[in-house]
Amino acid sequence: MKIKSYLFYGIIFSLTIIGKIAYAQATNDALVFILKPLSSIISFLTNSPFIYLSDSGFYFESLNITIDKSCSGVNFWIISFVVFSFSFVKVTRSNFQRLLSIPVLLLATFAFTLFANTSRILISILISRQTAFDYPWLHQAQGVFIYLSLLVIAYTIINHLSFKFNNYHEELT
């Protein structure tokens, strides 16, 4: 690890701490930036309208679900940002590239989080419609399984691509 990488790692660590503190203090109103797109995607895919109630979140009457702070996926966003950042540092050659990658990685992991959350919620809706089970632990276990699976798959792909990228650049020099 190059000494120059410490600046990048320091920024990633700082953003992680700030994100965790901000999320702990956040309300549904503060998380509309992620809850609204998520609810809109779910609404489009299920053809179910929703209403926003600031005290409880985005309510889908026809599905009988509420998407609120606990469904936001902010913790997953933070984890995926850290994983992608640490994977990406391997392919960057300068601090300038690393610093430029931070906003790109924030946006990429935001989109990845929306995809993961949409998948989790749709599968949860499907499971609740197909079974008579209504256990909170089942909902959490299903979420952990989907999040972990997608994170491992994404990490494997990124790691594979960074290996190929590094080998390609070594052959050129």
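For the structure itself, consult the block above.
Residues numbered from 1 in each chain as written. Predicted model: local features only at pLDDT ≥ 70, side-chain atom pairs only at ≥ 80, totals over all residues. Heavy atoms only, no water.

1. Overview of the packing of helix 1 (residues 5–25) against helix 4 (residues 95–130)
So, step 1. Where helix 1 contacts helix 4, the two axes come as close as 9 Å, and the packing angle between them is 15 degrees. Comparing the axis directions of helix 1 and helix 4 gives the class roughly parallel. Where helix 1 crosses over helix 4, the handedness of that crossing is right-handed. Along its contact with helix 1, which presents S5, L7, F8, I11, I12 and L15, the element helix 4 presents N95, R98, L99, S101 and I102.
So, step 2. When its residues are assigned to classes, the contact of helix 1 with helix 4 shows seven nonpolar, three polar and one charged. (Axes fitted to C-alpha atoms, helices over the stretch in contact; angles between N-to-C directions. Helix = DSSP H or I, 4+ residues; strand = E, 2+ residues; numbered from the N terminus. Parallel < 35°, antiparallel > 145°, perpendicular 65-115°, else oblique. Left-handed = near helix turned anticlockwise from the far one by under 90°. Contact = heavy atoms within 4.5 Å. Nonpolar A, V, L, I, M, F, W, Y, C, P; charged D, E, K, R; others polar.)

2. Side note on the pairing of strand 2 (residues 57–60)
So, step 1. In terms of strand pairing, strand 1 (residues 51–53) meets strand 2 through three bridges, oriented antiparallel. The partner of L53 across the bridge, within strand 2, is G57.
So, step 2. Judged from the three bridges that link them, strand 2 and strand 3 (residues 65–67) form a sheet pairing that is antiparallel. Paired with F60 across the strands is I65, a residue of strand 3. (Pairing = 2+ DSSP bridges.)

3. Here we look at the packing of helix 1 against helix 3 (residues 74–88)
So, step 1. Running from N to C, helix 1 and helix 3 point in directions that differ by 175 degrees, and their axes come no closer than 10 Å. Relative to helix 3, the element helix 1 lies roughly antiparallel. Here F8, Y9, I12, L15, T16, G19, K20 and Y23 of helix 1 lie close against helix 3, whose contacting residues are V74, N75, I78, F81, V82, S85 and F86.
So, step 2. For the contact of helix 1 with helix 3, the residue count by class is 10 nonpolar, four polar and one charged.

4. Overview of the side chain of S72
So, step 1. Within the secondary structure layout, S72 lies in the loop between strand 3 and helix 3.
So, step 2. Reaching out from S72, the side chain makes a polar contact with the backbone oxygen of K69 at a distance of 2.9 Å.
So, step 3. Apart from residues lying up to four places away in sequence, S72 is in contact with Y23, L31, I34, L35, T113 and N117. (Polar contact = N/O pair within 3.5 Å; in protein donor to acceptor, adjacent residues only side chain to side chain.)

5. Regarding the packing of aromatic side chains
So, step 1. Applying the stated rule across the entire model yields 11 aromatic pairs.
So, step 2. Between Y52 and F58, the aromatic rings sit 4.6 Å apart at their centres with planes inclined by 45 degrees, giving tilted as the arrangement.
So, step 3. What makes Y52 partly exposed here is its relative accessible area of 30%.
So, step 4. Linked through ring pairs, F50, Y52, F58 and F60 together constitute an aromatic cluster.
So, step 5. Between the NZ or CZ atom of K69 and the centre of the ring of Y23, over which it lies, the distance is 5.0 Å. (Phe/Tyr/Trp six-rings, centres within 6.5 Å; stacked < 30°, edge-to-face > 60°. Buried < 20%, exposed > 50% of the residue type's maximum accessible area, 1.4 Å probe, protein only. Lys NZ or Arg CZ within 6 Å of the ring centre and 35° of its normal.)

Honestly, that's just the spatial picture; any functional story needs more than this.
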